[in-house]
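One-letter residues, chain by chain:
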Amino acid sequence: MQISTTTKPSIYLYGYYGVSNVGDDLLMKSVLDFINNKVEIEDYYVRCAGDGAVVSPNCSSAVIRCEDYTGGSVGMLKKTVALFRFIFKNYAILKKVNAFVLGGGTVISNYRSNTSLILLSILVTLARLHGVKVFGLGLGVANLESRFSRAVARYIINNMVTFCARDVESFSVCKQITPKANVLHTADLVYTERNLIALSVKKHNNGPGFKTAGITLVEPFLISSKHQFVRTTVLTAFSNFIEQWVASGNKVKLLCFQNHVLAGGQKLSDSNLFEELNNICTPLKLEIVDMNSDIDSIGRCYSELDIVIGMRFHSLVLASMSKTPFVGLSCDKKISTLCDTYKMPCTTLEAVTDDWIESSIKRAIEIGVTQSITDKLILKSIKNFDDVITYLKAEDN
(Lines give C-alpha, C1' and ligand atoms only; values in the text may rest on other atoms or scores of the structure.)
Protein backbone atom coordinates (compact mmCIF):
# COMPACT_ATOMS: atom_id res chain seq x y z
CA MET A 1 0.00 0.00 0.00
CA GLN A 2 1.22 3.50 -0.84
CA ILE A 3 1.66 5.37 2.44
CA SER A 4 2.84 8.76 1.21
CA THR A 5 0.69 11.50 2.77
CA THR A 6 2.10 14.48 0.86
CA THR A 7 -0.32 16.58 -1.18
CA LYS A 8 2.26 16.88 -3.94
CA PRO A 9 4.07 13.86 -5.39
CA SER A 10 7.59 12.93 -4.35
CA ILE A 11 10.18 11.00 -6.34
CA TYR A 12 13.34 9.03 -5.70
CA LEU A 13 15.82 9.49 -8.57
CA TYR A 14 18.28 6.62 -8.81
CA GLY A 15 21.47 6.71 -10.86
CA TYR A 16 25.24 6.98 -10.63
CA TYR A 17 25.50 10.62 -9.64
CA GLY A 18 28.00 12.68 -7.67
CA VAL A 19 31.32 11.14 -8.76
CA SER A 20 32.34 14.09 -10.94
CA ASN A 21 31.24 12.33 -14.11
CA VAL A 22 29.89 15.03 -16.43
CA GLY A 23 27.67 12.65 -18.40
CA ASP A 24 25.97 11.11 -15.36
CA ASP A 25 25.47 14.48 -13.66
CA LEU A 26 23.95 15.86 -16.88
CA LEU A 27 21.51 12.93 -16.86
CA MET A 28 20.46 13.87 -13.33
CA LYS A 29 20.11 17.53 -14.31
CA SER A 30 18.05 16.61 -17.39
CA VAL A 31 15.56 14.60 -15.33
CA LEU A 32 15.21 17.23 -12.60
CA ASP A 33 14.88 20.09 -15.09
CA PHE A 34 12.27 18.33 -17.23
CA ILE A 35 10.08 17.12 -14.36
CA ASN A 36 10.32 20.49 -12.59
CA ASN A 37 8.98 22.19 -15.69
CA LYS A 38 5.97 19.87 -15.88
CA VAL A 39 4.93 18.95 -12.33
CA GLU A 40 5.16 20.52 -8.90
CA ILE A 41 7.14 18.08 -6.76
CA GLU A 42 6.96 18.00 -2.96
CA ASP A 43 10.28 16.26 -2.32
CA TYR A 44 13.13 14.91 -4.38
CA TYR A 45 15.44 12.19 -3.14
CA VAL A 46 18.54 11.47 -5.22
CA ARG A 47 20.97 8.60 -4.95
CA CYS A 48 24.29 10.39 -4.71
CA ALA A 49 27.47 8.34 -4.88
CA GLY A 50 29.83 11.13 -3.90
CA ASP A 51 29.75 14.92 -3.99
CA GLY A 52 26.32 16.06 -2.84
CA ALA A 53 26.95 19.55 -4.23
CA VAL A 54 25.87 18.44 -7.70
CA VAL A 55 22.41 17.54 -6.42
CA SER A 56 19.77 20.19 -7.05
CA PRO A 57 19.13 22.38 -3.97
CA ASN A 58 15.47 21.34 -3.92
CA CYS A 59 16.37 17.71 -3.25
CA SER A 60 15.53 16.60 0.27
CA SER A 61 18.19 13.98 0.72
CA ALA A 62 21.02 11.99 -0.81
CA VAL A 63 21.77 8.28 -0.49
CA ILE A 64 25.34 6.99 -0.17
CA ARG A 65 25.97 3.96 -2.33
CA CYS A 66 27.01 0.73 -0.65
CA GLU A 67 30.08 0.28 -2.87
CA ASP A 68 31.77 3.09 -0.93
CA TYR A 69 31.92 0.64 1.99
CA THR A 70 32.60 -2.63 0.16
CA GLY A 71 35.52 -1.91 -2.14
CA GLY A 72 39.09 -3.15 -1.87
CA SER A 73 40.04 -5.66 0.79
CA VAL A 74 37.10 -5.08 3.14
CA GLY A 75 36.07 -8.31 4.86
CA MET A 76 32.90 -10.26 4.06
CA LEU A 77 31.20 -9.26 7.33
CA LYS A 78 31.71 -5.54 6.66
CA LYS A 79 30.51 -5.98 3.09
CA THR A 80 27.36 -7.76 4.26
CA VAL A 81 26.63 -5.09 6.87
CA ALA A 82 27.17 -2.36 4.25
CA LEU A 83 24.80 -4.06 1.81
CA PHE A 84 22.03 -4.29 4.41
CA ARG A 85 22.67 -0.69 5.46
CA PHE A 86 22.31 0.38 1.83
CA ILE A 87 19.06 -1.59 1.37
CA PHE A 88 17.46 -0.22 4.56
CA LYS A 89 18.50 3.35 3.72
CA ASN A 90 16.85 3.01 0.32
CA TYR A 91 13.82 1.32 1.85
CA ALA A 92 13.32 4.29 4.22
CA ILE A 93 13.16 6.61 1.22
CA LEU A 94 10.99 4.35 -0.93
CA LYS A 95 8.32 4.45 1.82
CA LYS A 96 8.12 8.26 1.43
CA VAL A 97 7.74 8.63 -2.34
CA ASN A 98 5.24 8.10 -5.14
CA ALA A 99 7.69 7.17 -7.90
CA PHE A 100 11.03 5.36 -8.11
CA VAL A 101 12.80 6.73 -11.21
CA LEU A 102 15.89 5.15 -12.74
CA GLY A 103 17.38 8.15 -14.49
CA GLY A 104 19.81 7.27 -17.27
CA GLY A 105 23.05 5.32 -17.50
CA THR A 106 23.70 1.60 -17.95
CA VAL A 107 21.93 0.39 -14.80
CA ILE A 108 21.07 -3.03 -16.27
CA SER A 109 24.53 -4.55 -16.23
CA ASN A 110 26.47 -7.44 -14.68
CA TYR A 111 29.84 -5.74 -15.09
CA ARG A 112 32.30 -7.51 -12.75
CA SER A 113 29.45 -9.24 -10.85
CA ASN A 114 25.68 -9.59 -10.52
CA THR A 115 25.63 -7.64 -7.23
CA SER A 116 24.27 -4.38 -8.70
CA LEU A 117 21.52 -6.26 -10.57
CA ILE A 118 20.49 -8.16 -7.45
CA LEU A 119 20.44 -4.96 -5.36
CA LEU A 120 18.31 -3.20 -7.94
CA SER A 121 15.86 -6.12 -8.05
CA ILE A 122 15.51 -5.89 -4.25
CA LEU A 123 14.82 -2.14 -4.43
CA VAL A 124 12.26 -2.65 -7.19
CA THR A 125 10.56 -5.32 -5.07
CA LEU A 126 10.43 -3.03 -2.02
CA ALA A 127 9.03 -0.22 -4.16
CA ARG A 128 6.27 -2.40 -5.59
CA LEU A 129 5.38 -3.75 -2.13
CA HIS A 130 4.65 -0.16 -1.07
CA GLY A 131 2.68 0.67 -4.21
CA VAL A 132 5.48 2.87 -5.57
CA LYS A 133 5.54 2.97 -9.37
CA VAL A 134 8.90 2.29 -11.04
CA PHE A 135 10.01 4.07 -14.23
CA GLY A 136 13.16 3.62 -16.30
CA LEU A 137 14.21 6.69 -18.30
CA GLY A 138 16.85 6.67 -21.05
CA LEU A 139 18.57 3.53 -19.76
CA GLY A 140 21.37 1.52 -21.28
CA VAL A 141 21.50 -2.26 -21.13
CA ALA A 142 24.73 -4.25 -21.25
CA ASN A 143 25.03 -7.60 -22.97
CA LEU A 144 23.93 -10.01 -20.24
CA GLU A 145 25.80 -13.24 -20.77
CA SER A 146 24.40 -15.54 -18.07
CA ARG A 147 20.89 -16.95 -17.70
CA PHE A 148 20.81 -15.69 -14.14
CA SER A 149 21.61 -12.07 -15.07
CA ARG A 150 18.99 -12.14 -17.84
CA ALA A 151 16.41 -13.57 -15.42
CA VAL A 152 17.09 -10.81 -12.87
CA ALA A 153 16.97 -8.15 -15.60
CA ARG A 154 13.65 -9.59 -16.85
CA TYR A 155 12.20 -9.35 -13.34
CA ILE A 156 13.32 -5.71 -13.00
CA ILE A 157 11.95 -4.67 -16.40
CA ASN A 158 8.65 -6.51 -15.96
CA ASN A 159 8.00 -4.65 -12.69
CA MET A 160 8.37 -1.21 -14.26
CA VAL A 161 5.57 0.90 -15.71
CA THR A 162 7.87 1.67 -18.65
CA PHE A 163 11.47 0.84 -19.46
CA CYS A 164 12.86 3.40 -21.92
CA ALA A 165 15.99 2.17 -23.71
CA ARG A 166 18.27 4.98 -24.87
CA ASP A 167 19.59 3.24 -28.02
CA VAL A 168 18.71 0.51 -30.48
CA GLU A 169 21.23 -1.96 -29.01
CA SER A 170 19.77 -1.65 -25.50
CA PHE A 171 16.25 -1.92 -26.91
CA SER A 172 17.21 -5.09 -28.79
CA VAL A 173 18.68 -6.71 -25.67
CA CYS A 174 15.52 -5.84 -23.70
CA LYS A 175 13.24 -7.37 -26.33
CA GLN A 176 15.30 -10.56 -26.20
CA ILE A 177 14.91 -10.64 -22.43
CA THR A 178 11.18 -9.91 -22.23
CA PRO A 179 8.27 -9.66 -24.70
CA LYS A 180 6.43 -7.08 -22.57
CA ALA A 181 5.18 -3.98 -24.36
CA ASN A 182 6.47 -1.65 -21.64
CA VAL A 183 9.92 -1.53 -23.32
CA LEU A 184 10.28 1.58 -25.50
CA HIS A 185 13.08 2.80 -27.78
CA THR A 186 13.82 6.43 -26.90
CA ALA A 187 17.06 8.45 -26.79
CA ASP A 188 19.59 9.72 -24.27
CA LEU A 189 18.09 12.04 -21.63
CA VAL A 190 20.64 14.80 -22.24
CA TYR A 191 18.98 15.61 -25.57
CA THR A 192 16.17 17.27 -23.60
CA GLU A 193 18.70 20.02 -22.76
CA ARG A 194 19.19 20.79 -26.47
CA ASN A 195 17.83 24.34 -26.39
CA LEU A 196 20.03 25.32 -23.45
CA ILE A 197 23.13 23.87 -25.13
CA ALA A 198 22.33 25.60 -28.45
CA LEU A 199 21.86 28.96 -26.74
CA SER A 200 25.11 28.68 -24.80
CA VAL A 201 27.32 27.68 -27.75
CA LYS A 202 28.59 30.53 -29.90
CA LYS A 203 31.31 29.36 -32.24
CA HIS A 204 34.53 31.37 -32.20
CA ASN A 205 36.59 31.94 -35.32
CA ASN A 206 39.98 30.30 -34.84
CA GLY A 207 41.33 31.91 -38.00
CA PRO A 208 41.56 30.68 -41.60
CA GLY A 209 42.62 27.04 -41.78
CA PHE A 210 43.25 26.66 -38.04
CA LYS A 211 41.09 24.38 -35.93
CA THR A 212 40.72 23.31 -32.31
CA ALA A 213 40.22 19.62 -31.49
CA GLY A 214 38.69 18.40 -28.23
CA ILE A 215 39.86 14.93 -27.16
CA THR A 216 38.25 12.60 -24.61
CA LEU A 217 39.67 9.33 -23.24
CA VAL A 218 38.31 6.94 -20.60
CA GLU A 219 40.72 5.48 -18.05
CA PRO A 220 38.79 2.32 -16.94
CA PHE A 221 38.83 0.84 -20.46
CA LEU A 222 42.62 1.16 -20.65
CA ILE A 223 43.76 0.52 -17.09
CA SER A 224 44.21 -3.23 -16.55
CA SER A 225 47.18 -5.33 -17.65
CA LYS A 226 45.10 -7.08 -20.32
CA HIS A 227 44.44 -3.67 -21.88
CA GLN A 228 48.11 -2.66 -21.99
CA PHE A 229 48.40 -3.24 -25.74
CA VAL A 230 45.26 -1.20 -26.38
CA ARG A 231 46.49 1.57 -24.05
CA THR A 232 49.79 1.75 -25.93
CA THR A 233 47.97 1.75 -29.28
CA VAL A 234 45.64 4.60 -28.27
CA LEU A 235 48.33 6.77 -26.68
CA THR A 236 50.71 6.26 -29.61
CA ALA A 237 48.00 7.16 -32.14
CA PHE A 238 46.98 10.31 -30.27
CA SER A 239 50.51 11.49 -29.47
CA ASN A 240 51.55 11.17 -33.13
CA PHE A 241 48.35 12.87 -34.29
CA ILE A 242 48.69 15.72 -31.78
CA GLU A 243 52.29 16.46 -32.73
CA GLN A 244 51.33 16.72 -36.42
CA TRP A 245 48.14 18.66 -35.66
CA VAL A 246 49.86 21.26 -33.50
CA ALA A 247 52.79 21.54 -35.92
CA SER A 248 50.24 22.59 -38.58
CA GLY A 249 49.12 25.53 -36.39
CA ASN A 250 46.05 23.87 -34.85
CA LYS A 251 45.10 23.57 -31.17
CA VAL A 252 44.19 20.69 -28.84
CA LYS A 253 42.10 20.66 -25.67
CA LEU A 254 42.04 17.50 -23.52
CA LEU A 255 38.52 17.31 -22.09
CA CYS A 256 38.42 15.68 -18.65
CA PHE A 257 34.87 14.36 -18.21
CA GLN A 258 35.56 12.62 -14.89
CA ASN A 259 37.89 13.61 -12.06
CA HIS A 260 36.97 11.95 -8.78
CA VAL A 261 38.77 10.41 -5.80
CA LEU A 262 37.01 7.55 -3.98
CA ALA A 263 36.92 7.25 -0.20
CA GLY A 264 39.83 4.77 -0.26
CA GLY A 265 42.01 7.13 -2.29
CA GLN A 266 41.46 5.46 -5.66
CA LYS A 267 41.35 8.05 -8.45
CA LEU A 268 38.65 7.84 -11.11
CA SER A 269 39.94 10.43 -13.54
CA ASP A 270 40.55 10.92 -17.23
CA SER A 271 43.45 13.16 -16.20
CA ASN A 272 45.61 10.06 -15.55
CA LEU A 273 45.69 9.33 -19.28
CA PHE A 274 45.98 12.98 -20.21
CA GLU A 275 49.01 13.47 -17.95
CA GLU A 276 50.62 10.42 -19.56
CA LEU A 277 49.80 11.84 -22.99
CA ASN A 278 51.29 15.19 -21.98
CA ASN A 279 54.52 13.45 -20.93
CA ILE A 280 54.75 11.71 -24.29
CA CYS A 281 54.07 14.97 -26.14
CA THR A 282 56.64 17.01 -24.17
CA PRO A 283 57.33 19.92 -24.57
CA LEU A 284 53.87 20.79 -25.97
CA LYS A 285 52.14 21.07 -22.53
CA LEU A 286 48.61 20.42 -23.77
CA GLU A 287 45.70 22.15 -22.05
CA ILE A 288 43.58 19.87 -19.83
CA VAL A 289 40.05 21.23 -19.39
CA ASP A 290 38.28 20.05 -16.22
CA MET A 291 34.70 19.75 -17.47
CA ASN A 292 31.55 20.02 -15.32
CA SER A 293 27.79 19.79 -15.83
CA ASP A 294 27.15 23.55 -15.81
CA ILE A 295 25.48 24.43 -19.13
CA ASP A 296 27.24 27.79 -19.51
CA SER A 297 30.61 26.15 -18.84
CA ILE A 298 29.91 23.48 -21.45
CA GLY A 299 28.82 26.18 -23.87
CA ARG A 300 32.04 28.15 -23.43
CA CYS A 301 34.13 25.04 -24.03
CA TYR A 302 32.26 23.77 -27.09
CA SER A 303 32.17 27.27 -28.57
CA GLU A 304 35.92 26.94 -29.14
CA LEU A 305 35.87 23.44 -30.65
CA ASP A 306 35.80 22.58 -34.35
CA ILE A 307 35.94 18.80 -33.84
CA VAL A 308 35.55 16.35 -30.93
CA ILE A 309 37.40 13.03 -30.96
CA GLY A 310 37.16 10.34 -28.35
CA MET A 311 35.72 7.70 -26.09
CA ARG A 312 33.34 9.65 -23.84
CA PHE A 313 29.77 9.05 -25.00
CA HIS A 314 28.37 12.31 -23.68
CA SER A 315 31.23 14.31 -25.18
CA LEU A 316 29.90 13.14 -28.55
CA VAL A 317 26.27 13.76 -27.55
CA LEU A 318 27.18 17.33 -26.60
CA ALA A 319 29.06 17.69 -29.88
CA SER A 320 25.98 16.65 -31.85
CA MET A 321 23.81 19.06 -29.84
CA SER A 322 26.20 21.96 -30.49
CA LYS A 323 26.57 21.07 -34.20
CA THR A 324 30.23 20.20 -33.72
CA PRO A 325 31.45 17.34 -35.97
CA PHE A 326 32.81 14.36 -34.04
CA VAL A 327 34.85 11.18 -34.39
CA GLY A 328 34.20 8.16 -32.17
CA LEU A 329 36.46 5.60 -30.53
CA SER A 330 34.14 2.76 -29.67
CA CYS A 331 34.71 1.29 -26.22
CA ASP A 332 31.10 0.03 -26.29
CA LYS A 333 28.19 -0.10 -28.71
CA LYS A 334 26.50 3.12 -27.61
CA ILE A 335 29.33 5.13 -29.20
CA SER A 336 29.32 3.28 -32.51
CA THR A 337 25.51 3.49 -32.61
CA LEU A 338 25.59 7.28 -32.10
CA CYS A 339 28.26 7.69 -34.78
CA ASP A 340 26.26 5.53 -37.20
CA THR A 341 23.17 7.66 -36.53
CA TYR A 342 25.01 10.83 -37.62
CA LYS A 343 27.20 9.04 -40.21
CA MET A 344 30.29 10.16 -38.30
CA PRO A 345 33.54 8.13 -38.47
CA CYS A 346 34.13 5.54 -35.75
CA THR A 347 36.64 2.78 -35.08
CA THR A 348 37.68 0.43 -32.30
CA LEU A 349 40.41 1.17 -29.76
CA GLU A 350 42.56 -1.61 -31.21
CA ALA A 351 42.40 -0.20 -34.75
CA VAL A 352 42.99 3.52 -34.17
CA THR A 353 46.01 5.17 -35.80
CA ASP A 354 47.15 8.77 -36.21
CA ASP A 355 46.50 8.60 -39.97
CA TRP A 356 42.96 7.35 -39.32
CA ILE A 357 42.28 10.20 -36.86
CA GLU A 358 43.51 12.81 -39.35
CA SER A 359 41.49 11.45 -42.28
CA SER A 360 38.40 10.96 -40.09
CA ILE A 361 38.50 14.60 -38.96
CA LYS A 362 38.35 15.70 -42.59
CA ARG A 363 35.45 13.34 -43.29
CA ALA A 364 33.51 14.43 -40.19
CA ILE A 365 33.88 18.12 -41.03
CA GLU A 366 32.83 17.49 -44.63
CA ILE A 367 29.73 15.55 -43.53
CA GLY A 368 28.76 17.93 -40.71
CA VAL A 369 26.11 17.38 -38.03
CA THR A 370 22.64 17.06 -39.53
CA GLN A 371 20.17 19.14 -37.52
CA SER A 372 17.15 17.02 -38.51
CA ILE A 373 18.75 13.97 -36.86
CA THR A 374 19.25 15.92 -33.63
CA ASP A 375 15.64 17.13 -33.76
CA LYS A 376 14.41 13.53 -34.00
CA LEU A 377 16.56 12.50 -31.04
CA ILE A 378 15.18 15.41 -29.01
CA LEU A 379 11.62 14.19 -29.64
CA LYS A 380 12.61 10.63 -28.74
CA SER A 381 14.29 11.88 -25.57
CA ILE A 382 11.15 13.74 -24.51
CA LYS A 383 9.18 10.48 -24.88
CA ASN A 384 11.16 9.11 -21.92
CA PHE A 385 8.98 11.26 -19.67
CA ASP A 386 5.49 10.63 -21.09
CA ASP A 387 4.34 8.01 -18.58
CA VAL A 388 6.08 9.34 -15.49
CA ILE A 389 4.73 12.87 -16.04
CA THR A 390 1.20 11.51 -16.60
CA TYR A 391 1.45 9.51 -13.38
CA LEU A 392 2.88 12.36 -11.29
CA LYS A 393 0.20 14.77 -12.49
CA ALA A 394 -2.46 12.26 -11.48
CA GLU A 395 -0.83 11.98 -8.03
CA ASP A 396 -0.78 15.77 -7.64
CA ASN A 397 -3.84 16.19 -5.42
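Residues numbered from 1 in each chain as written. Predicted model: local features only at pLDDT ≥ 70, side-chain atom pairs only at ≥ 80, totals over all residues. Heavy atoms only, no water.

## Some remarks on the overall build of the protein
Thinking step 1. Across its full length, the protein holds 15 helices and 15 strands.
Thinking step 2. Here the protein holds 397 residues, and the buried ones make up 53% of them.
Thinking step 3. Per element, the accessible surface of the protein, about 17,300 Å² overall, is 54% carbon and sulfur. (Helix = DSSP H or I, 4+ residues; strand = E, 2+ residues; numbered from the N terminus. Buried < 20%, exposed > 50% of the residue type's maximum accessible area, 1.4 Å probe, protein only. Areas by Shrake-Rupley, 256 points an atom, 1.4 Å probe, with all protein chains shown as cover.)

## Comments concerning the packing of helix α8 (residues 228–247) against helix α9 (residues 271–280)
Packed helix pairs are specified by the crossing angle of their axes together with the interaxial distance, meaning the distance between the axes.
Thinking step 1. Taken N-terminus to C-terminus, the directions of α8 and α9 make an angle of 55°; their axes are 10 Å apart at the nearest point. Judged by the angle between their axes, α8 and α9 are oblique. Crossing of α8 against α9: the hand is right-handed. Residues Arg231, Leu235, Phe238, Ser239, Ile242 and Glu243 of α8 form the contact with α9, whose participating residues are Leu273, Glu276, Leu277 and Ile280. (Axes fitted to C-alpha atoms, helices over the stretch in contact; angles between N-to-C directions. Parallel < 35°, antiparallel > 145°, perpendicular 65-115°, else oblique. Left-handed = near helix turned anticlockwise from the far one by under 90°. Contact = heavy atoms within 4.5 Å.)

## A word on unusual backbone geometry
Thinking step 1. Of the consecutive residues Thr282 and Pro283, the connecting peptide bond is found in the cis state with omega at 10°.
Thinking step 2. Its location among the elements puts Pro283 in the loop between α9 and β12 (287–290).
Thinking step 3. For Ser20, which is not a glycine, the phi torsion comes out positive at approximately 55°.

## What about the sheet that holds strand β9 (residues 251–256)?
Thinking step 1. Here six strands make up an open sheet; going across it, the order is β12-β9-β8-β13-β14-β15 and the pairing parallel. Strands at the two margins of the open sheet, each flanked by one partner only, are β12 and β15 (346–348). Neighbour-to-neighbour, the strand axes of the sheet open up by a mean angle of 25°, direction not taken into account.
Thinking step 2. Summarising the sheet, strand β8 (residues 212–216) and β9 pair through four bridges and their orientation is parallel. (Pairing = 2+ DSSP bridges.)

## Observations regarding the environment of Phe148
Thinking step 1. Among the structural elements, Phe148 can be located in helix α5 (residues 147–158).
Thinking step 2. Among all residues touching Phe148, those that are not within four sequence positions of it are Asn114 and Ile118.

## Some remarks on the packing of aromatic side chains
Thinking step 1. Applying the stated rule across the entire model yields seven aromatic pairs.
Thinking step 2. Relative to Phe385, the ring of Phe34 lies with its centre 4.1 Å away and its plane at 15°, an arrangement referred to as stacked. Here Phe34, found in helix α1 (residues 22–38), pairs with Phe385, found in the loop between α14 (371–383) and α15 (386–395); they are 351 residues apart in sequence, far enough to count as distant.
Thinking step 3. Pairing Phe135 with Tyr391 gives two aromatic rings, centres 5.7 Å apart and planes at 40°, and the pair type is tilted. Of this pair, Phe135 sits in strand β5 (residues 133–141) while Tyr391 sits in helix α15, and the two are 256 residues apart along the sequence.
Thinking step 4. The class of Phe135 is buried, set by a relative accessible area of 1%.
Thinking step 5. Members of the aromatic cluster, connected to one another through ring pairs, are Tyr12, Tyr14 and Phe100.
Thinking step 6. The cationic tip of Arg166 hangs over the ring face of Phe313; the distance from NZ or CZ to the ring centre is 5.6 Å. (Phe/Tyr/Trp six-rings, centres within 6.5 Å; stacked < 30°, edge-to-face > 60°. Lys NZ or Arg CZ within 6 Å of the ring centre and 35° of its normal.)

## Some remarks on the side chain of Ser381
Thinking step 1. The topology assignment puts Ser381 in helix α14.
Thinking step 2. Assessed through its relative accessible area of 0%, Ser381 is described here as buried.
Thinking step 3. A distance of 2.8 Å separates a polar side-chain atom of Ser381 from the backbone oxygen of Asp188.
Thinking step 4. Setting aside residues up to four positions removed in sequence, Ser381 forms contacts with Ala187, Asp188, Leu189, Tyr191 and Thr192. (Polar contact = N/O pair within 3.5 Å; in protein donor to acceptor, adjacent residues only side chain to side chain.)

## Points about the nonpolar core
Thinking step 1. Of all hydrophobic cores here, the largest spans 88 residues; its most connected members are Tyr302, Ile309 and Phe326.
Thinking step 2. Listed in part, the 35 residues of the second largest apolar core include Val132, Leu139, Ile156 and Ala165. (Core = buried A, V, L, I, M, F, W, Y, C linked by side-chain atoms within 4.5 Å.)

## Overview of the packing of α8 against helix α13 (residues 354–367)
Thinking step 1. Where α8 meets α13, the axes come as close as 8 Å, and the angle between the chain directions of the two elements is 55°. It follows from the interaxial angle that α8 and α13 lie oblique. Considering how the two elements wind past one another, α8 and α13 form a crossing that is right-handed. Contact residues: Ala237, Phe238, Asn240, Phe241, Gln244 and Trp245 in α8; Asp354, Ile357, Glu358 and Ile361 in α13.
Thinking step 2. Here the residues of the contact of α8 with α13 sort into six nonpolar, two polar and two charged. (Nonpolar A, V, L, I, M, F, W, Y, C, P; charged D, E, K, R; others polar.)

In short, shape yes, function no, at least from these values alone.
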